[in-house]
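Read off the chains here:
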Amino acid sequence: MLTSIATVSLSGDLQEKLDAIAAAGFDGVEIFENDLLSFDGSPEDVGKTIRDLGLKLVTFQPFRDFEGMPEPQRTRAFERAERKFDLMEELGTDLLMVCSNVSPQSLGGLDRAAKDLAELGDRAAKRGLRVAFEALSWGKHISDYRDSWEVVRRANHPNVGLVLDTFHIMARKVPLDAISSIPGDKIFLVQVADAPILEMDALSWSRHFRCFPGQGDFPLGEFMRNLAMTGYDGPLSLEIFNDQFRSSSTKNVAKDGLRSLIYLGDGIEGVQVGEKGTALPPKAHAKEVGFVEFAVEEENAEKLATLFAALGFEKRGSHKTKAVTWWKQGDINLVINCDKDGFAHSYNIVHGPSVCAVGLKVDDAKATMDRAQSLLAAPFSQAVGEGEIEMPAIRGVGGSLVYFLDDHSELSRIWDVEFEPEKGADTDAGKAKLRKVDHVSYSMQYEEMLTWLLYFTSIFDLGKMPTLDIPDPGGLVQSQVVQSDAVRLILNGSQSPHTQHSQFLNEFFGSGVQHLAFASEDIFASVDYCMAHGVEILPIPENYYDDIEARFGLEPELLDRLRARNILYDRDDEGEYYQAYTRTFANRFFFELVERRAYRGFGAANAPIRLASQTRMNRRNDAAK
Ligand SMILES: O=C(O)c1ccc(O)c(O)c1
Ligand SMILES: [Mg+2]
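Within each chain, residues carry numbers counting from 1 in the order of the written sequence. To read the labels, note that chains go from A and ligands from 1, taken in the order they are written. Under the rules for a predicted model, residues below a pLDDT of 70 receive no local features and side-chain atom pairs below 80 are neither given nor counted, while totals for whole chains, interfaces and linings still include all residues. With hydrogens and water stripped out, all remaining heavy atoms of the structure feed into the side-chain values.

Student: Which parts of the structure should I look at to understand the coordination of the magnesium ion (ligand 2)?
Tutor: Octahedral metals with six donors have ideal donor angles of 90 or 180 degrees. Tetrahedral metals with four donors have an ideal donor angle of 109.5 degrees. A donor here means any N, O or S atom no more than 2.8 Å from the metal (3.2 Å for Na, K and Ca); water is not included, so a site may seem to lack partners. Coordination sphere of the magnesium ion (ligand 2), protein contribution only: Glu134 (OE), Asp165 (OD), Gln191 (OE1) and Glu239 (OE), at 2.0 to 2.2 Å. Metal-centred angles of 77 to 175° between the six donor atoms at the magnesium ion (ligand 2) mark the site as octahedral. Within one chain, the residues serving as donors to the magnesium ion (ligand 2) are arranged as E-x30-D-x25-Q-x47-E. Of the two residues, glutamate 134 sits in strand β5 (residues 130-134) while glutamate 239 sits in the loop between β8 (236-238) and α10 (243-246), which places them 105 residues apart along the sequence. Tetrahedral means four donors with every angle between 85 and 135 degrees, whereas square planar (four donors) and octahedral (six donors) require angles over 155 degrees between opposite donors and between 65 and 115 for all others; sites fitting neither are termed irregular. Think of it this way: any DSSP run of H or I at least four residues long counts as a helix, any run of E at least two long counts as a strand, and we number them from the N terminus.

Student: Even after reading the chapter, I still don't get the packing of aromatic side chains, so can you show me in this structure?
Tutor: Within a pair of aromatic rings, the relevant descriptors are the distance that separates the centres and the angle that separates the planes. Working definition: rings of Phe, Tyr and Trp (its six-membered ring) pair if their centres are within 6.5 Å, and the pair is stacked with planes under 30 degrees apart, edge-to-face with planes over 60 apart, and tilted otherwise. Considering all chains together, one arrives at 35 aromatic pairs under this definition. Considering the side-chain rings of tryptophan 326 and tryptophan 415, the 4.7 Å spacing of their centres and the 10° angle between planes classify their relative orientation as stacked. A residue pair is termed long-range when its members are at least 10 positions apart, and tryptophan 326 in strand β11 (residues 324-329) and tryptophan 415 in helix α15 (residues 414-418) qualify at 89 residues. Exposure categories follow from relative accessible area, calculated using a 1.4 Å probe and restricted to protein chains: below 20% of the type maximum is buried, above 50% is exposed, and the middle band is partly exposed. According to the relative accessible area criterion, tryptophan 415 is buried, its value standing at 16%. Ring centres of phenylalanine 524 and tyrosine 578 lie 5.9 Å apart, and the angle between their planes is 70°; on these two criteria the pair is classed as edge-to-face. With phenylalanine 524 in helix α18 (residues 523-532) and tyrosine 578 in strand β25 (residues 576-581), this pair connects stretches of sequence that are 54 residues apart. Of the aromatic side chains, those joined through ring pairs into one cluster are Phe294, Phe308, Phe313, Trp327, Phe518, Phe585, Phe589 and Phe591. A cation over a ring is seen here: arginine 561 above phenylalanine 524, with NZ or CZ 3.9 Å from the ring centre. Whether a charge lies above a ring is judged from NZ of Lys or CZ of Arg, which has to be within 6 Å of the ring centre and within 35 degrees of the ring normal.

Student: Would you explain the site of ligand 1 in this entry?
Tutor: Neighbouring ligand 1 are 15 residues; Arg64, Asp165, His168, Arg207 and Glu239 lie closest to it. At 3.1 Å, a side-chain N or O of arginine 210 approaches an oxygen atom of ligand 1. Coverage of ligand 1 by the protein amounts to 100% of the 290 Å² it exposes when considered alone. Proximity is defined per residue: if any heavy atom of the residue lies within 4 Å of a molecule or strand, that residue is considered near it. A 3.5 Å cut-off defines polar contacts: any pair of N or O atoms within that distance qualifies, except that in protein one atom must be a possible hydrogen donor and the other a possible acceptor, and neighbouring residues in sequence count only when both atoms are side-chain atoms. Note on areas: these come from Shrake-Rupley sampling with a 1.4 Å probe, and a residue is covered only by the protein chains present in the view.

Student: Help me understand the packing of helix α1 (residues 14-24) against helix α11 (residues 250-265), please; the structure alone is not making it clear to me.
Tutor: Axes are the key here: two packed helices are described by the angle between their axes and the distance separating the axes. Only the contacting stretch of a helix is used when fitting its axis, a line to C-alpha atoms as for every element, and angles between N-to-C directions run 0 to 180 degrees. Contact pair α1 / α11: the axes reach a minimum separation of 8 Å and the direction vectors enclose 45°. The orientation of α1 relative to α11 falls into the category oblique. Where α1 crosses over α11, the handedness of that crossing is right-handed. Here α1 contributes Glu16, Lys17, Ala20, Ile21 and Ala24 to the contact with α11, which in turn contributes Thr250, Lys251, Ala254, Lys255 and Leu258. Classification convention: Asp, Glu, Lys, Arg as charged; Ala, Val, Leu, Ile, Met, Phe, Trp, Tyr, Cys, Pro as nonpolar; all other residues, Gly among them, as polar. Among the residues forming the contact of α1 with α11, the class breakdown is five nonpolar, one polar and four charged. For classification, angles of less than 35 degrees are called roughly parallel, those exceeding 145 degrees roughly antiparallel, those between 65 and 115 degrees roughly perpendicular, and all remaining angles oblique. Note on convention: the crossing is left-handed when the near helix lies turned anticlockwise from the far helix by less than a right angle, right-handed when the turn is clockwise. What makes two residues a contact is simply this: any of their non-hydrogen atoms within 4.5 Å.

Student: Explain the UniProt feature "domain: VOC" (unreviewed entry) in the chain to me, please; I cannot follow it from the model alone.
Tutor: UniProt positions are given in the numbering used here, feature names are shortened, and annotations may be inferred rather than shown by experiment. When the UniProt feature table is mapped to this numbering, "domain: VOC" (unreviewed entry) covers residues 288-407 and 436-583. Each end of residues 436-583 is marked by a C-alpha atom, and these two atoms are 20 Å apart; helix forms 34% of the span and strand 35%.

Student: How should the domain arrangement of the chain be read in this particular structure?
Tutor: Reports often express the size of an interface as the amount of accessible area lost when the parts come together. Boundaries of every domain are those given by an automatic assignment or by a domain database. For the chain, the domain assignment lists domain 1 (2-265), domain 2 (286-421) and domain 3 (434-624). Just the C-alpha atoms count here: the centres of domain 1 and domain 2 sit 46 Å apart. Listed as interface residues are five residues of domain 1 and, on the opposing side, five residues of domain 2. Defined in terms of a 1.4 Å probe, buried area is the accessible area two parts forfeit on being brought together, summed over both. In terms of surface lost to domain 2, no three residues of domain 1 exceed Lys255, Arg259 and Ile262, which account for 75% of the buried area on that side. Criterion for a salt bridge: a side-chain nitrogen of Lys or Arg within 4 Å of a carboxyl oxygen of Asp or Glu. Counting across the interface, domain 1 meets domain 2 through zero salt bridges. Here domain 1 and domain 2 share three residue pairs in polar contact (both at pLDDT 80 or more) between them.

Student: I'm lost on unusual backbone geometry in this one. Help?
Tutor: Working note: non-glycine residues mostly have negative phi, and peptide bonds are mostly trans. The omega torsion of the bond from glutamine 61 to proline 62 falls at -5°, within 30 degrees of zero and hence cis. Residue proline 72 is reached from glutamate 71 by a cis peptide bond, and omega for that bond is 5°. The topology assignment puts proline 72 in the loop between β3 (56-63) and α4 (73-91). At aspartate 65, a position not held by glycine, the phi torsion is positive, near 50°. Residue placement: aspartate 65 occurs in the loop between β3 and α4. Residue aspartate 65 is classed as partly exposed on the basis of its relative accessible area of 24%. Phi is positive for alanine 598, close to 55°, though the residue is something other than glycine.

Student: Mind showing me how you'd approach the packing of α4 against helix α5 (residues 110-126) here?
Tutor: Between α4 and α5, whose axes approach to 11 Å, the crossing angle comes to 35°. Like other packed secondary-structure pairs, α4 and α5 cross with a definite hand, here right-handed. Along the contact surface, α4 presents Arg74, Phe78, Ala81, Glu82 and Phe85, while α5 presents Lys115, Asp116, Glu119, Leu120, Arg123 and Ala124. Of the residues assigned to the contact of α4 with α5, the class counts are five nonpolar, no polar and six charged.

Student: Whenever I open this one, the nonpolar core confuses me. Can you help?
Tutor: For soluble globular proteins, the rule of thumb is that nonpolar side chains tend to be buried together. In plain words, nonpolar cores are sets of buried Ala, Val, Leu, Ile, Met, Phe, Trp, Tyr and Cys residues tied together by side-chain atoms within 4.5 Å. Of all hydrophobic cores here, the largest spans 194 residues; its most connected members are Leu164, Phe223, Phe456 and Phe460. Counting residues per element, this core draws most heavily on helix α16 (residues 449-459), at eight residues. Once residues within four sequence positions are removed from consideration, phenylalanine 456 is found in contact with Val397, Tyr442, Leu462, Val482, Leu489 and Leu491. In terms of nonpolar packing, the next biggest core, distinct from the first, is built from 10 residues, Leu2, Cys99, Ala132 and Val163 among them.

Student: Looking at this model, I keep getting lost on the sheet that holds β5. Mind explaining?
Tutor: As a general point, the strands of a sheet are linked pairwise by backbone hydrogen bonds and lie either parallel or antiparallel. Strands are treated as partners if at least two bridges between them are detected by DSSP. Pairing in this closed barrel of eight strands is parallel, and the strands run β1-β2-β3-β4-β5-β6-β7-β8 around the ring. Strand after strand, the sheet turns through a mean of 30° between neighbouring axes, direction not considered. Those strands touched by α5 are β4 (95-99), β5 and β6 (160-165), and its axis lies near 150° from that of β5.

Student: How do you make sense of the pattern of salt bridges when you look at a structure like this?
Tutor: Side chains that differ in charge, positive against negative, can pair when their charged atoms come close. Under the counting rule described, the total for this entry stands at 43 salt bridges. Ionic pairing is found between aspartate 407 and lysine 287, a salt bridge with its closest N-O pair at 3.9 Å. Separated by 120 residues along the polypeptide, aspartate 407 in the loop between β16 (401-405) and α15 and lysine 287 in the loop between α11 and β9 (288-295) bring together distant segments of the chain. By relative accessible area, aspartate 407 is classed as partly exposed at 47%. Given a relative accessible area of 28%, lysine 287 falls into the partly exposed group. If you follow the salt bridges from partner to partner, you end up with Arg74, Glu82, Arg83, Asp86, Glu89, Asp116, Glu119, Arg123 and Arg127 in one network.

This is the structure we're talking about:
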């Protein structure tokens, strides 16, 4: 199937859109009428530009309010169609997409509609053109794909075919299995869109909340399996009306679109997406966070080392040739990089003290790299010193890196090969009882959230959880978790410029890791160790403890232990959660200590308390300056 996208899906003017569509690597494009009307150039110019970019003009759309009109509107509708046919000849496309009538004047009846379409087919055939009929989910008489198919079937005209648009089909929650019995050659166009499940009218839902396949909740795999059975081999075209996309980078959104189509075809038998098709290795199993690398200047490297030691980490080695140290506790590996060369250094120059890379352990690092690149991730490599191991990596959030590690290649020996062991290091160290990285939390522009959601869930076996709105004193923060059984990532975005989250983006000059949570096997012991070693734990107000006492009926003794250590508490049907936070390091990132007792959430109810407390600390710091 040809990959295609409708111009309405992107921001920018028509030229920018077409450039981005071609640059992303699509085979074709749908011209949405408004993009043509607002363009300062002739239809011939547009057609030539499209061909010169190597794109196929898949369809011109939409032609509205056509079928079932009484006279005199009916005659006028045919005249309007003839004008569109003229335009199509100038543009150089043979397909007009007709969407079902929404006019209150239109008359019902499948036969009437079929007769109108057959006549339109005759007129189109005279010019070597075709028409394709789509059921809008809010159409006056025709709103169900089974009815639009019945109209096309009864029109029984070689130049009249069907459009299947997954949004309209799924918005009506009708069964998908009837798709499989439509003959593939009667389907002229397939438009794909995903969307979050929302309770609202179909028109507003469609015009504002569509998103790329994989970013929403629709059962698109089931659709594709049914489509494969029809033998359809025409365009697979993204048609996405989305408010975020309209205000995002044209190029990035176009690339996300193509990634989503490649992902849509992944694992669907009988479906080849793109002219060549892309065979993907299976989704990478994200087994654990293998390491986290911090990019800092020398001065901050010392401070960060002091903080790591106070958090119970043991320095285990120094890189043989670079100003890089390795810290470990339990299965957590942290790397402090203050070398004057290489990626970390350039990242530090832009962002200041920061997490510049996260290493994810997978089953097979090489296969993961292949999959990531097939899904259009940007590979990263830099000069590898003698005797060093080249670790596969791709660009991630805010230009930071995601490295891939595994247990079976030479990558498993990276610490031994590249690091001089620290003499006298306690190799069993787990002083503060921290065992694993529990989660990594990224802050990003609100408009980027769907990009990184698709990135993480298409490459890895990370599933998405429902999004949450978290109140910050300066506005709402939207939070999206993606997780496997052992790796949890949080993607946070905010539309308010006043949230802490947005301040982070300003001060950090972009998106990145805002905090890192370590899983403790005994939160009280962990916090005691850290406090005894000078770690300042984020203070939590007394009111909070009064509230959780009332809410959960906690024993006074437990409450005292929580209060004394500024530990937050949550409980649900599954279990209990304990969490404490460090103060922010260098005004950038902070650490969280958590203990999960059969609990799978992230303490969302506590997040506003934490955010308010952090805001208070920041204001106090600002006032002291
Ligand atoms: O929102 C609309 O009007 C509209 C127009 C054309 C389409 O293909 C569609 O799915 C929706
Ligand atoms: Mg459509």
